[in-house]
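Observations on the model geometry
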2 protein chains.
Amino acid sequence: MVSEYKPDFPEDADFEKLIDKYGEELGVLQREAHELDIPIIIVFEGWYDVFIGEVINRQLLPLDSRGFDFHFTDAPTSEENKIPFIFRFSQKIPPKGKIAVFDRSWYMRGLIEHLLNDSDIFGCSNLSKKSNIEAIFTEPANKEIINSPKFERMIKTFNDFEKTLSDNGTYIIKIYLGARKETREESHKIWKKIMPYNIDKRSTEKIYKKDIHVIKEVIEKTNTEYAPWNLYFVDKNIDEVTAGTMQIITQQIKKAIFDVKSKRALEENSVCALPKQNLIKTEGPLDLVDLSKSYTKKEYKEKLKKYQKKLAFLHYSLYLNKKPMVLVFEGWDAAGKGSSIKRIVQAMNPRYYRVIPTGSPTDVDQKYHYLWRFLDGIPPCGKTSIYDRSWYGRVMVERIENFCAEDEWKRAYDEINHFEKVMTNDGVIVIKFWMHISKEKQYERFVARSLNPLKQWKLTDEDWRNREKWDDYYAAVNEMIEKTSMKDAPWVIVEANDKYYARIKVLKTIVERIEEELGSKMEEMDFPVIGD
Amino acid sequence: MVSEYKPDFPEDADFEKLIDKYGEELGVLQREAHELDIPIIIVFEGWYDVFIGEVINRQLLPLDSRGFDFHFTDAPTSEENKIPFIFRFSQKIPPKGKIAVFDRSWYMRGLIEHLLNDSDIFGCSNLSKKSNIEAIFTEPANKEIINSPKFERMIKTFNDFEKTLSDNGTYIIKIYLGARKETREESHKIWKKIMPYNIDKRSTEKIYKKDIHVIKEVIEKTNTEYAPWNLYFVDKNIDEVTAGTMQIITQQIKKAIFDVKSKRALEENSVCALPKQNLIKTEGPLDLVDLSKSYTKKEYKEKLKKYQKKLAFLHYSLYLNKKPMVLVFEGWDAAGKGSSIKRIVQAMNPRYYRVIPTGSPTDVDQKYHYLWRFLDGIPPCGKTSIYDRSWYGRVMVERIENFCAEDEWKRAYDEINHFEKVMTNDGVIVIKFWMHISKEKQYERFVARSLNPLKQWKLTDEDWRNREKWDDYYAAVNEMIEKTSMKDAPWVIVEANDKYYARIKVLKTIVERIEEELGSKMEEMDFPVIGD
């Protein structure tokens, strides 16, 4: 049971003065949290409408505007509606040292959009026009909602989302502003008076009674250790409510600062060098690959034509069917990622695909959770994103080069699986290719590159440095493939010593997957393809 | 007259081979342009539908995906529709060293949205649902379009936009793919066959004849020295068309590279030290300010209450009337920008305002035109953005500290005036405040800050360094105010030696401006305001 927060006010408190006092404290705490690089999320939810906006504004006033972002959560924009639900909020997480304040959040929107959409809450659906707060109060009956698998999935999505943030150092403060009966009636009267056009005629009381059970259930099930709820009743005047919420927030930020400081002190005092990365080469998926597979030039040309033709039609069908697709390309340097991608996009209309190259993170990227910078590329309904390297860098280069700590890359397997699950749950097709070549073949290609004036630029010192760590990468990739292969988001190891074989395998895999996804084999059709 | 581009092909050219050759060349040129940090824009416009998509895809294939972005220009999203028209495209300009390819652009959308919207093309309007390509072919009659002031304004907006980009080193390549009659009929037939559901029943010929005059007029009027059109007829097979456009693009990028190289060589050879910034203190607006203006505490409290109450109501009215507002705060260090902003936002609902602090540009920002990073803050309809420092840094700190070259900051006055004009033309309320104090008052406040433990953090070494350049700043500000004061976007100099007076003047200015904008004095009303 989430218990009610009882503020600890001095007797006969002067709330105006208390607000000033907390405000001053908040300013100081914000700077301290900023210096410690702590990201903080403050979520406000509550009964409609208990003057949440006004209460929040008072918390914001003492803050330094360079240090916080405010997000008012309304119905999604048309673009937001085309990506998996939770990513709309992932995009708004605070960077290191900043505070993000949410006036309503994934909770409110989850409930509304959950109830509205019969088939698939988080799908690429055309949300009906009534995607507003009123729709929550229609059907289906509440007990049906609470017991539905969709409801469970929503709760899991929220908890996974908050856990990932918390694991990576974000402090989450969640405040639910409850209203007792008299307050609700009072608030209804005031709103009716000052904004008659904004308040509908129905009895908010009737709505409340029908609805509060669902909200209670959500609160209980998302009241976790890493992101607990603060339930606070607002049967007071607005000054007292403000002082109460400010007390909650200042206390929690103090706690965050204390936790971080003690954790860092411990780390400093422990005798700890970076653990030497001695990866042991164990048997794994890579050891089973038959790199001798190949096609003749004639076979290649025929198959290329056949599969590109199919892909052209199927890719356009994906667009018509509003199916998004994510293709991830990882592999050894010089394994042929680029040339395989080229054979794919030759068969696609550039209006419906994007190739997203992954370089080193910018200084802005580095202020966020490592998955954040990939959100921008997540395809909206009907579009395809092709990642040329991806978030898997976390468990390869970042692991091997010690760019992140051991617990960070170990946690990353789960985080990545959640991340991809959010997509596949939402109907995004996800295929991950590991382009595999032998160490000898890589050497051969490096040498060929260094001798070809048109391709010299492709070969850098870093490529040679990476090559020296071949065995470490080999072991890391084996582990990665084992830990992140999922039924809906499989790893496909591509035998790439022979370029012809590799390109066809990639094309064929994509074609077959789309056919599977679209339900039936599409009939062949004369569709224009750009020749090789 | 824009003349037709005649490609220079060898006799009996094998176009497939030519495409390969140009492709290789394009890859090399892209890398060279990247190394020279040249941003390039390639715009494709043309008759609907001459397989523009396919032609473009072939140009993109040889490019390195790290080095270009592709933008398919469709109807605006609901969010794009809430900001001034051209900013939708400004947001997509390429950073240094990158290529941005537009499949249709501001030209197509300008025409469509221009014709659709009777009252104000670039306004915060609810574009009707038929905001698609078909709507262009309805009313009004074409000669009315061409002669309308709205049409002229559109052309000016496009030319200003392209000139600013060009002045700052962006190369713009514009290609119009024309179609002769037989080609149009042929293309219509093909599309009808492969995508019958996508082609409407009307005769495209009838549409063409009605419409081509407007397009011709646009092409002629935007065929500038800094961004000329390449008119190319596609009465050929798709291979030949592709080879032709690739020839245009390779030639132009070569030219860009040559121009940049010769310019840089000249600069290196010229005997040139940075000009010493000896700003001469001349009479200007700042010299007329009466800094003795003040209010007593009692006067202040009364006026504060009165104006905040008004502002609360008026700000909500702006939201209801979908009016966006931009407030810019510039001023001396310790002049009270922050505390004035605080008094404003106390009277506003955080759902409808944002405070945007301006720090040093990030490494991403630095790859773009200096105005680019402010686009994200431009308020959508009904919202207010408050800039705490702004784009005026270009003609103050960047000028004085030599962060930009003399021709850059000199050009900035015009660029800023264009930038603000785009907003005010679109109905955005723009007010710019210069918070003015005396040098003695600044010293007094610096000392007070350094002695107050809660405010010490506000005072940095940089503040003292800036103070040493007081006279340079004084002259630069005088010049800035003279060169960028516009009727619709005025500078308001705030006498800020007395904080009470300053805060009230700011509030009063905003209140009066909104009243003026909303047409009639709004009656006073009991609206909830958060107390001081």
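No experiment lies behind these values; they were computed from the predicted model shown.

1. Concerning the overall build of chain A
For chain A, the helix and strand inventory stands at 17 helices and ten strands. Scored against the burial criterion, the 532 residues of chain A give a buried share of 58%. For chain A, the proportion of contacts with a sequence separation of at least 24, taken over those separated by at least 6, is 83%. When the accessible area of chain A is evaluated, it comes to approximately 24,500 Å², of which 51% is carbon and sulfur surface.

2. Some remarks on the environment of H34 of chain A
Relative to the assigned elements, H34 of chain A resides in helix α1 (residues 15-35). Sequence spacing of H34 of chain A and K439 of chain A is 405 residues, and the spatial spacing of their C-alpha atoms is 46 Å.

3. Side note on the side chain of R513 of chain A
Looking at the secondary structure, you find R513 of chain A in helix α17 (residues 499-517). Under the relative-accessibility criterion, R513 of chain A is labelled buried at 13%.

4. Let's talk about the UniProt feature "domain: Polyphosphate kinase-2-related" (unreviewed entry) in chain A
Using the residue numbers shown here, the UniProt feature "domain: Polyphosphate kinase-2-related" (unreviewed entry) corresponds to residues 17-115, 145-236 and 296-517 of chain A. Span residues 296-517 of chain A is 50% helix and 14% strand, its end C-alpha atoms 31 Å apart.

5. Things to note about a nonpolar patch on the surface
Residues and elements named next belong to chain A. Taken together, the side chains of Y443, V447, L451 and W464 make up a nonpolar region of the molecular surface, amounting to roughly 400 Å² of accessible area. Ranked by the residues each element gives to the nonpolar patch, the list is headed by helix α14 (residues 439-451), at three residues. Inspection of the secondary structure assignment puts Y443 in helix α14.

6. Examining the domain arrangement of chain A
Residues and elements named next belong to chain A. Annotation of chain A at the domain level lists domain 1 (15-268) and domain 2 (285-518). Listed by partner, the interface residues are 23 residues for domain 1 and 22 residues for domain 2. The interface formed by domain 1 and domain 2 contains zero salt bridges. Remark: the boundary between domain 1 and domain 2 carries eight residue pairs in polar contact (both at pLDDT 80 or more). When contributions to the side of domain 1 that touches domain 2 are tallied by element, the ones reaching two or more residues are α3 (87-90) and α6 (149-167). Take the side of domain 1 that touches domain 2: its biggest share by element is five residues, from α6.

7. A word on a negative patch on the surface
Residues and elements named next belong to chain A. Residues D14, E16, D20 and E24 make up a contiguous surface patch of negative charge. Looking at the secondary structure, you find E16 in helix α1. Classification of E16 as exposed rests on a relative accessible area of 51%.

8. Topic: helix α10 (residues 297-320) of chain A
Residue and element names in this part refer to chain A. Taking 1.5 Å of rise per residue, 24 residues should cover 34 Å, and α10 covers 34 Å from first to last C-alpha, within 8% of that figure. Residues of α10 that are buried: Y300, L304, Y307, Q308, L311, A312, F313, L314, H315, Y316, S317 and L318. Taken together, the buried residues of α10 touch β6 (325-331), α11 (337-345), β7 (353-357), β8 (384-388), β9 (429-436) and α17. Following α10 by one or two positions, K322 adopts a phi angle in the positive range, close to 60°.

9. Quick notes on the pattern of salt bridges
By the definition in use, this model includes 74 salt bridges over all chains. Of the charged contacts in the structure, one is a salt bridge between E408 of chain A and R394 of chain A, with a shortest N-O distance of 3.8 Å. Residue E408 of chain A is located in helix α13 (residues 406-425), and its partner R394 of chain A is located in the loop between β8 and α12 (397-400); the two are separated by 14 residues in the primary sequence. Exposure remark for R394 of chain A: the relative accessible area of 8% places this residue in the buried category. Notably, a salt bridge pairs K508 of chain B with E512 of chain B, separated by 3.3 Å at the nearest N-O pair. Placement of the pair is K508 of chain B and E512 of chain B together in helix α17 (residues 499-517), with a separation of four residues, close to one helical turn. The partly exposed category is assigned to K508 of chain B, whose relative accessible area is 33%. On the basis of relative accessibility, which here comes to 38%, the residue E512 of chain B falls in the partly exposed class. Three or more residues are tied together by salt bridges with common partners; here these are E4, K6 and R180 of chain A.

How each quantity is defined
- Residues numbered from 1 in each chain as written.
- Chains lettered and ligands numbered in written order.
- Predicted model: local features only at pLDDT ≥ 70, side-chain atom pairs only at ≥ 80, totals over all residues.
- Heavy atoms only, no water.
- Helix = DSSP H or I, 4+ residues; strand = E, 2+ residues; numbered from the N terminus.
- Buried < 20%, exposed > 50% of the residue type's maximum accessible area, 1.4 Å probe, protein only.
- Contact = heavy atoms within 4.5 Å.
- Areas by Shrake-Rupley, 256 points an atom, 1.4 Å probe, with all protein chains shown as cover.
- UniProt positions renumbered as here; feature names shortened; annotations may be inferred.
- Patch = residues over 30% accessible without salt bridge, like charges linked within 9 Å, V, L, I, M, F, W, Y side chains within 5 Å.
- Salt bridge = Lys/Arg side-chain N within 4 Å of Asp/Glu carboxyl O.
- Domains from an automatic or database assignment.
- Polar contact = N/O pair within 3.5 Å; in protein donor to acceptor, adjacent residues only side chain to side chain.
- Lys, Arg positive; Asp, Glu negative; His and termini not counted.
- Charge placed at Lys NZ, Arg CZ, Asp CG, Glu CD.
- Expected span 1.5 Å × (residues − 1).

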